[in-house]
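Next come the chains, spelled out residue by residue.
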Amino acid sequence: MSRQDINRAFEMAVFVAVVETGAFSAAARRLVLTPSAVSKLVSRLEARLGARLLQRSTRQLHTTPEGDAFFVQCKRILDDIDGAEREAAQGAAPRGRLRINCFVPFGVRHLLPILPEFAQRYPDIVLDVVVSDAIVDLLEDRTDIAIRTGKLKESNLVARKLGEDAMVVVASPAYVAHHGLPRTPLELSEHNLLAFNFRCQNETWPFLDGSGGSLQVAPQGNTCVSDGESMRQLVLAGMGLGRFSRQHVLRDIELGHLIPLLQDYNPGDRELVHAVFVGPGLQVPARVRVMLDYLLEKVQLGSV
């Protein structure tokens, strides 16, 4: 590593310390420097970048929008450096905090059940799991791995495909008994179709039209929910129809708690599931690599 690279890493460490402590003097105590040295280093960094990172007042410091973005990147880079040094010093043993974000159905059905064995294999990894259907920014949220469904947007993230699963429209026996069974996709206009409130408003359900073509049905109903598990509970309670990956409701179908609908019009589309993470350009720590390999080993999607 060149001397310039070393200086850049040190400047980042000083800047992070200033932001985290909120003062030049507190950062100086943490780093065993003088407050004037810390102030000069931050000023030199701002001059080199050509951007103001901190707003200074007599009593406190505030990061600018540029400073906020730079802080997130600095934390990621410094964490990667620390991780690389620990791995090299300890024979690349996986360790440290591993933050995973996954959508609710996958978390409940696939991720949470396999974590105890993972924890036994890698006792030095501290798991930090967020189960939510909200889409997070991996860098801003300091997430190592996110499990996502559907078509991925263009980004600097790397994706590993975990599998794919068929889609199915279902209703509860109680709903069908009260509202009747839709015989064609066009009859769905007479039914309560539940939707997600985190997806775009023009999301539609695809069907075959029975004559070799296809059609799209926009879900119109009296309720939107934030995640697939909440929707499943409402459909089980007879509130309306829902569209799910088959694995999510397979057990309910087998027990007779849910009924697949319009199977003759099912186009056979499948939902892709990926594990995404920050890729080339930044080191992938051992703790991330072993979890990615473990997911590929344990997760079984689309087998039914």
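Refer to the structure printed above.
Predicted model only: the values in this text are computed from it and were never measured.

Cut-offs used in this document
- Residues numbered from 1 in each chain as written.
- Predicted model: local features only at pLDDT ≥ 70, side-chain atom pairs only at ≥ 80, totals over all residues.
- Heavy atoms only, no water.
- Helix = DSSP H or I, 4+ residues; strand = E, 2+ residues; numbered from the N terminus.
- Buried < 20%, exposed > 50% of the residue type's maximum accessible area, 1.4 Å probe, protein only.
- Contact = heavy atoms within 4.5 Å.
- Areas by Shrake-Rupley, 256 points an atom, 1.4 Å probe, with all protein chains shown as cover.
- Axes fitted to C-alpha atoms, helices over the stretch in contact; angles between N-to-C directions.
- Parallel < 35°, antiparallel > 145°, perpendicular 65-115°, else oblique.
- Nonpolar A, V, L, I, M, F, W, Y, C, P; charged D, E, K, R; others polar.
- 1 Å grid on protein atoms, 1.4 Å probe; cavity = no way out; pocket = protein on both sides within 12 Å on 5 of 7 lines; lining within 4 Å.
- Points joined across faces, edges and corners; volume = space filled by probe spheres on them.
- Salt bridge = Lys/Arg side-chain N within 4 Å of Asp/Glu carboxyl O.
- Pairing = 2+ DSSP bridges.
- Core = buried A, V, L, I, M, F, W, Y, C linked by side-chain atoms within 4.5 Å.
- Phe/Tyr/Trp six-rings, centres within 6.5 Å; stacked < 30°, edge-to-face > 60°.

S.K.: Describe the overall build of the protein, listing the residues and the values that go with them.
M.R.: From N to C terminus, the protein includes 10 helices and 13 strands. Put simply, the protein has 304 residues, and 42% of those count as buried. Restricting the contact set of the protein to residue pairs at least 6 apart, pairs at least 24 apart contribute 74%. Here the protein has roughly 16200 Å² of accessible surface; of this, 51% comes from carbon and sulfur atoms.

S.K.: Please give an account of the packing of helix α2 (residues 24-31) against helix α3 (residues 35-49) that cites residues and values.
M.R.: It is the contact of α2 with α3, at a shortest axis distance of 8 Å, that shows an interaxial angle of 105 degrees. Considered as vectors, α2 and α3 are oriented roughly perpendicular to each other. Contacts between α2 and α3 involve F24, S25, A27 and A28 from the former and P35, V38, S39 and V42 from the latter. Grouping the constituent residues of the contact of α2 with α3 by class yields 6 nonpolar, 2 polar and no charged.

S.K.: Could you give an account of the layout of surface pockets, naming the residues involved and the relevant values?
M.R.: Put simply, the second largest pocket is a space of about 280 Å³. Looking at the second largest pocket, it is lined by 15 residues, and the ones nearest its centre are D79, R97, R142, D144 and R287. For the lining of the second largest pocket, the secondary structure elements donating two or more residues are α4 (65-89), β3 (96-102) and α6 (138-141). For the lining of the second largest pocket, the leading source of residues is α4, giving 7 residues. Across the lining of the second largest pocket, the residue classes tally to 2 nonpolar, 1 polar and 12 charged.

S.K.: Tell me about the pattern of salt bridges, residues and numbers included.
M.R.: What the rule picks out here adds up to 23 salt bridges. Residue R48 pairs with E11 through a salt bridge whose shortest N-O separation is 2.6 Å. One end of the pair, R48, is in helix α3; the other, E11, is in helix α1 (residues 3-21), and 37 residues separate them in sequence. On the basis of relative accessibility, which here comes to 40%, the residue R48 falls in the partly exposed class. You can call E11 buried: its relative accessible area is 5%.

S.K.: Got a sec to walk through the pairing of strand β13 (residues 270-278)? Specific residues and values, please.
M.R.: Counting buried positions over the 9 residues of β13 gives 7, a clear majority of the element. Direction of pairing for strand β5 (residues 145-149) relative to β13: antiparallel, over a ladder of 4 bridges. Opposite T149, over in β13, you have V273 as the bridge partner.

S.K.: An account of the nonpolar core is requested, with residue identities and associated values reported.
M.R.: Among the nonpolar cores identified, the biggest contains 25 residues, and L98, F106, I145, I147, M291 and L295 are the most heavily contacted of them. When residues of this core are traced back to their parent elements, those giving at least two are β3, α5 (104-121), β5, β13 and α10 (286-298). The dominant element in this core, judged by the number of residues it contributes, is α10, at 6 residues. Non-local contacts of I147, meaning those with residues more than four positions away in its chain, are made with N101, C102, F103, F106, L162, V273, H274, A275 and L295. Counting 20 residues, the second largest nonpolar core, distinct from the first, contains L41, L61, F70 and L78.

S.K.: Explain the packing of aromatic side chains residue by residue, including any values.
M.R.: Enumeration over the complete set of coordinates arrives at 4 aromatic pairs. Taken together, a centroid distance of 5.6 Å and an interplanar angle of 45 degrees make the contact between F103 and F106 tilted. When its relative accessible area of 2% is taken as the criterion, F106 is described as buried. Through successive ring pairs, a cluster of aromatic residues spans F118, Y122 and Y294.

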